[in-house]
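Descriptive structure summary
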Amino acid sequence: MAQKVDRRTLRTKKTLKALLVKQLMTKSLEKITVSELTGLAGFSRGTFYLHYTDIFALYQELEDDVLAGIT
């Protein structure tokens with residue numbers, strides 16, 4: 001049986017990805033912090049770490065989404 005997808009999780013991930021893209025327009029990936037993204041999103045750092053291990057994991061998922069959209 002397929003696992004049900006939580007809309008809150010999808011919304012949280014979508015928000016974090018959008019904010020990462022926005023921050024990447026002005027900074028390099030190495031300069032962006034979890035605190036910065038969660039502050040902009042209005043989430044706790046714990047919420048971020050519930051879904052990702054670090055900024056690079058978020059970036060990797062974003063990159064995978066973009067590549068999946070191309071193919």
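That block above? That's the structure.
Okay, so let's go over this structure. For clarity, every value in this text was computed on a predicted model and none was experimentally measured.

This next bit is on the pattern of salt bridges. Overall, the coordinates contain five salt bridges when judged by the stated rule. Put simply, R8 and D6 hold a salt bridge, and the shortest N to O gap is 3.2 Å. Judged by its relative accessible area of 56%, R8 falls in the exposed class. With a closest N to O distance of 3.0 Å, K17 and E61 form a salt bridge. Here K17, found in helix 1 (residues 7-24), pairs with E61, found in helix 4 (residues 55-70); they are 44 residues apart in sequence, far enough to count as distant. Using a relative accessible area of 13% as the deciding quantity, one classes K17 as buried. A relative accessible area of 22% means that E61 is categorised as partly exposed. Taken together, the shared-partner salt bridges connect K13, K17, E61 and D65 into one network.

So, how was this worked out
- Along each chain, residues carry numbers from 1 onward, in the same order as the chain's sequence is written.
- Local features in this predicted model are restricted to residues whose pLDDT is 70 or higher, and side-chain atom pairs enter the listing and the counts only when it is 80 or higher, whereas totals over whole chains, interfaces and linings include all residues.
- Water and hydrogen atoms play no part in the side-chain values, which are based on all heavy atoms of the structure.
- We define a salt bridge as a contact between a side-chain nitrogen of Lys or Arg and a carboxyl oxygen of Asp or Glu at a distance within 4 Å.
- Any residue under 20% of the maximum accessible area for its type is buried, any over 50% is exposed, and the rest in between are partly exposed; the area is computed with a 1.4 Å probe on protein chains only.
- Runs of H or I in DSSP of at least four residues are treated as helices and runs of E of at least two as strands, each being numbered from the N terminus.

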